[in-house]
Amino acid sequence: MKLKLSSWAIANPLLIALATFILLVWGADCFHRLPVNGMPTVRIPVVSVSIALPGASSSTIERQVTIPVENAVANIPNIKHVTSYIENGVSVTQIEFRYGTNIRTVLSLVREKVASLRRQWSSDVGEPLIQQSEDDNTPLMTYAFQSGTLSLPSLTQQVDKGLVSALMAVEGVEKIERQGGYDREIHIELLPEKLYALGVSAATVNKQIQAYIAQAPAGQFSLGSKQTSLRVQGDPQSVDALAHLEIAVGEHRYVTLSSLGNLLDTFKPAQQLTRLNRQPAIGIAIYRTAKADELKVAEAIEQAIQRWQETQPHIQADRVQTQIDFTKKTYFSAMMSFLEGVLLAGLVVYAFLRSTRATLIAAIAIPLSVIPTFIVMHWLGFSLNLVSMLALSLVSGVLVDDAIVEIENIIRHMETGQAPYPAAMRAADEIGLAVIATSFAIIAVFVPVSFMGGLVGQYFIQFGITVATATFFSLLVARFITPVMAAYFLKSTPPVAQQGRWYHFYQGWLEQSLKHRRISLLLVGLLLLLSASLLLILPADFMPQEDKAFFMLQVELPAEAQLKQTDAAIEQVTEALLSKPEVSSVYSWIGGRDAETMVAGQVNRATMIVKLVARSQRNIGVDQFKLQALYELRRVPNMRLSALNENGSKAFGLVLTGHDSQRLYRTALALEHDMRKLPAFSNVLSTVPAMKSNLVVTPKPHEAARLGVTTSAIAEELQIALKGGSEEQLAHVLLDNQSVPVRCAVRVPEQSALTFLRQLPVTTNTQQIVALDAVANLALMHDYASITRYDRMPQIVISADLNGISLGDAMQTVRQLPTLQQLPAGISLSETGDSEMLSEMFSTFSMAMLSGLFLVWMVLVLLFRKLLQPFTIMMALPLSICGALLALALTHQALSLPAVIGILMLMGIVGKNGILIVDAIIECRSAGLSRVEAIIAACQQRSRPIIMTTIAMIAGMLPVIIGAGAGTGFRTPMAYALIGGLVTSTLLSLIVVPLIYTLMDDLEQRVKSRLNTAHE
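Residues numbered from 1 in each chain as written. Predicted model: local features only at pLDDT ≥ 70, side-chain atom pairs only at ≥ 80, totals over all residues. Heavy atoms only, no water.

Draft legend 1. Structural detail: the overall build of the protein. For the protein, the helix and strand inventory stands at 34 helices and 31 strands. Along the longest, intermediate and shortest principal axes, the C-alpha atoms of the protein span 120 × 75 × 65 Å. Per-residue burial for the protein yields a buried fraction of 55% across its 1016 residues. Contacts in the protein between residues at least 24 apart in sequence constitute 80% of all its contacts with a sequence separation of at least 6. Carbon and sulfur atoms provide 57% of the accessible area of the protein, an area that totals close to 44700 Å². Between the centroid of the 79 positive side chains of the protein and the centroid of its 80 negative side chains there is a distance of 6 Å. (Helix = DSSP H or I, 4+ residues; strand = E, 2+ residues; numbered from the N terminus. Buried < 20%, exposed > 50% of the residue type's maximum accessible area, 1.4 Å probe, protein only. Contact = heavy atoms within 4.5 Å. Areas by Shrake-Rupley, 256 points an atom, 1.4 Å probe, with all protein chains shown as cover. Lys, Arg positive; Asp, Glu negative; His and termini not counted. Charge placed at Lys NZ, Arg CZ, Asp CG, Glu CD.)

Draft legend 2. View of the pairing of strand 22 (residues 681-686). The element strand 22 is largely enclosed, with a buried count of six among its six residues. Taken together, the four bridges between strand 22 and strand 30 (residues 793-802) define a ladder with antiparallel strand orientation. Residue pairing for strand 30: Ser686 is matched across the bridge by Ile798. (Pairing = 2+ DSSP bridges.)

Draft legend 3. Region of interest: the packing of aromatic side chains. Applying the stated rule across the entire model yields nine aromatic pairs. Seen in terms of ring centroids, Trp8 and Phe480 are 6.3 Å apart; in terms of plane orientation they differ by 85°. Their pairing is edge-to-face. Taken as a pair, Trp8 in helix 1 (residues 5-11) and Phe480 in helix 16 (residues 454-489) lie far apart in primary sequence, 472 residues in all. The class for Trp8 is partly exposed, based on a relative accessible area of 42%. When the centroid spacing of 5.6 Å and the interplanar angle of 85° are considered together, the rings of Phe145 and Trp308 count as edge-to-face. Residue Phe145 is located in strand 5 (residues 141-147), and its partner Trp308 is located in helix 9 (residues 294-311); the two are separated by 163 residues in the primary sequence. Taking the relative accessible area as the measure of exposure, Phe145 reaches 0% and is therefore buried. Through a chain of ring-to-ring contacts, three or more aromatic side chains come together here, namely Tyr143, Phe145 and Trp308. (Phe/Tyr/Trp six-rings, centres within 6.5 Å; stacked < 30°, edge-to-face > 60°.)

Draft legend 4. Focus on the confidence of the model for the protein. Of all residues in the protein, 91% have pLDDT values of 70 or greater, and the mean over the chain is 80. Of all secondary-structure elements in the protein, the lowest mean pLDDT belongs to strand 8 (residues 215-223), at 67, while helix 2 (residues 13-33) reaches the highest, 91. (pLDDT = per-residue confidence, 0-100.)

Draft legend 5. A look at the sheet that holds strand 6 (residues 173-179). Reading across the sheet, the four strands line up as 6-15-5-16 and stay open at both edges, with antiparallel pairing between neighbours. Lying at the two open borders of the sheet, with one neighbouring strand each, are strand 6 and strand 16 (315-322). Averaged over neighbouring strand pairs, the angle between their axes works out to 20° when direction is ignored. Contacts from helix 5 (residues 152-168) reach strand 5, strand 6, strand 15 (282-288) and strand 16, with the element oriented near 175° to strand 6. Its contacts with the sheet place helix 9 against strand 5, strand 6, strand 15 and strand 16, and it is angled at close to 10° to strand 5. (Axes fitted to C-alpha atoms, helices over the stretch in contact; angles between N-to-C directions.)

Draft legend 6. Broad picture of the packing of helix 5 against helix 9. Closest axis-to-axis distance for the helix 5/helix 9 pair is 9 Å, and the angle between their directions is 145°. The crossing of helix 5 and helix 9 is right-handed. Counted together, Gln158, Val159, Gly162, Leu163 and Leu167 of helix 5 and Ile301, Ala304, Ile305 and Trp308 of helix 9 form the full contact between these two elements. In terms of residue class, the contact of helix 5 with helix 9 is built from seven nonpolar, two polar and no charged. (Left-handed = near helix turned anticlockwise from the far one by under 90°. Nonpolar A, V, L, I, M, F, W, Y, C, P; charged D, E, K, R; others polar.)

Draft legend 7. The arrangement of the sheet that holds strand 19 (residues 605-612) in detail. Here six strands make up an open sheet; going across it, the order is 14-13-18-19-17-20 and the pairing antiparallel. On the outer flanks of this sheet lie strand 14 (279-280) and strand 20 (640-644), each paired with one strand and no other. The pairing of strand 18 (residues 583-590) with strand 19 spans seven bridges and is antiparallel. The residue of strand 19 that forms the bridge with Ser588 is Met608. Taken strand by strand, helix 20 (residues 563-578) contacts strand 13 (273-276), strand 17 (550-556), strand 18 and strand 19, and its axis lies near 170° from that of strand 18.

Draft legend 8. Here's a closer look at the environment of Tyr287. Turning to its location among the elements, Tyr287 is positioned in strand 15. For Tyr287, a relative accessible area of 5% gives the class buried. Tyr287 sits 272 residues away from Ala559 along the chain, and the two C-alpha atoms are 30 Å apart. Looking at Tyr287, its side chain comes within polar contact range of the side chain of Glu177, at 3.4 Å. (Polar contact = N/O pair within 3.5 Å; in protein donor to acceptor, adjacent residues only side chain to side chain.)

Draft legend 9. Just the environment of Leu553, in detail. Within the fold, Leu553 resides in strand 17. On the accessibility criterion, Leu553 (1% relative accessible area) is buried. With 73 residues separating them in the primary sequence, Leu553 and Lys626 have C-alpha atoms 9.1 Å apart. Apart from the residues within four sequence positions on either side, Leu553 is in contact with Leu577, Ala606, Thr607, Met608, Val610, Leu630, Leu641, Ser642, Ala643 and Leu644.

Draft legend 10. Local environment of unusual backbone geometry. Even without glycine at this site, Asn277 takes up a positive phi of about 55°. Relative to the helices and strands, Asn277 is located in the loop between strand 13 and strand 14. Residue Arg792 is not a glycine yet carries a positive backbone phi of 70°. Tracing the backbone through its elements, the reader meets Arg792 in the loop between strand 29 (786-790) and strand 30. Arg792 gets classed as partly exposed once you look at its relative accessible area, which sits at 39%.

This is the structure we're talking about:
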């Protein structure tokens, strides 16, 4: 079948040149506008609901707050998982929705559902904080600030007032999270003896302070001829003015606030502590917006910090964590790989055709295809990241493929003595159907793959759309530009022999295979079975590890540990790490927001960022060093230490759920015990909650009722007396242009805290004062320190570090343990983190492969107008997959996300061999040749372009394998899979495709014969 597109283009070269120029200029402009990022922005629609119930036990919060919230939101559509964390008097419920869910719509639904619960909660339940999140929780950069002359409070003020505001003005900065430091507060330490003597409680004093320190609008007022607003403002202008505030103490008596206790202009009680190399510091984590350019934002941030430091020379700034260096190296490494691939592909063309002009015409197809691709990438909001740049690097060989087929066919006609112009007119249209079929086969694979959804799909979409778009422009170049350039720029060549020595060997091999079809197909089948068995031994993983010269640790002490105890443990860990020459710095953050639970202020937990020296300055990779460090640090007593991924999760994680909490905990402990015996795992931890002591106040029914003291009144008195109330209840005064909270609480003596608590003043309904133990009993009880829930059931997460074993092998090993082989009734197992992503990857990959195969078959049926022969073409696919698996096995690579992307890419590109051969066979048979003669003639015509395009594609991918720099961990498995698949599919398809063609042709003839017989 001949298509006249190329001949039309040759006849209209000016129109083609103008269109090409417009696309090149437009594409170059879009390239400069594309943001540069490390990885594609992965958006997971999550809505979190945080509710505080200070002082309540975890079990109480679970029963009164968490379960009602989970039940209320359960019927919202598109929910994937609901995870709840209860700790430190706070319930956090995270509702994860499926990819593609409109986050604003579900946020509104969650707010409505939670609002309906508000009336059934008591007044001591805090106001729900409902937030949406679609962006990565990993900060773009983290800085630590230290000063040898300023105190930490002064340093905090300098960072907050000067730097944070300047950074928030930087375009692309979404939020800044301060780590550590001190916040100014006015503390009113009420003296219990004064309260007793005057007959007033802490709650009464606090209410009067809040009533006085307030601002309230009073409407409009006419002042002469002007209308003005009227406002009542009770803010004291200084701490001294606040101290002279008069407090009513009953019987028309008033005393000043200072006579009830001490007023201190101080700081909020420390719940966080940040250190850099054992020295106190202030940290800030800077997050970018989803569409921002990492490099531009980082440069602007660094410039802002540098300008600020010029005004604060006594403050030292250290960058303790960043993705920017990796992003820069990845970007420039990918660009170099692309340019090297273009050069190598051009050398391959020259080696076969021995024509400089033909080589330039074929090689120029790559930039002509890539540059317009940037238009679509910019339109779709893509970025230049590791995945999209890798797509461009690997597709460079594919882009030259169509041009090679076109130019080789033109050269073949010129070798018979034809001039360039008529040779281009005839040859380009002759090969047109095959070129269109090969291109649309690739597009048919990657377009559906790009929209398969899910978290894994967010990695595929930029790769798939980029490859499909570049392939489409490659088709346009091959059909319109390459023939035009060949017609007007090639020089006539003398006739040459069409067959070389290598072809005589191939022809003899092919003829013998056709004579012994059964033996040949049997050998191929055995090879397929042997290669497929590699799936049983090939390790599986989600994402290859990159050496980014830093890693994260999580330190956890018992639930009752205080800040100073955690700090002492961090001191030991930091000292041990700094003693190693590979460590550059150690940054620790105690009491910050936990990356998994999102609960802040847990003073028994700390996150550490360990920064290593450059890879060239150490003899060990970051993963090996991390495992060694974890093994040595096990000696630090009474401490859990585990490694975290960049997103804050553990390397390996399993989830056990069940309604029976006690049975669930026993099962989890048994599984943890079994995993500790396996050498594949280290630092095996579970979230089975420890018991924590709670001081429980129980009202005495008769005494409390007689005196008119309710349970809520006791809780309010305790909360205000001990902590000054919740953060939302604190009054604020404006001092030095800063809103400063006022915390009014009773000073608790450390040595006799329990005795003090029993004598705490409580107000009755007659405004009399009685001691707390007169209306309530105090007892020490134990409850779970924390509770986690998963999909509305109690949950236990078992996590571990992997000792050189892949994630897939780890999953398989754990599933063979006796505890999981015989799970108790009501206990279920599910995966989390990278384990869940690994399972999702294989399921989505299977669906994508099936849909891609179906679409490829449909495209070939439409183009060739035959139902059976497309199966001949598609036989190259299993041959390529076998080669890909064999290459991964020989190079000790795991079947990971990039390897899966490479196999998907093979589905599109390896079908070209079959298309070229089958198309030529059909043309030869149409010319009157017998089947065998047509097969021999077709293979003679198409063997050279098949080998050329395969070697060109392999040459284009070689820089990805041999290249150094960042991102090699992600790029290498993909390139190995592609090269292995291309080699085997090319070598075998030159024999197997003709064999399968004969089988399909025989079957087609039989079907036609039966249909004709039935018709007669």
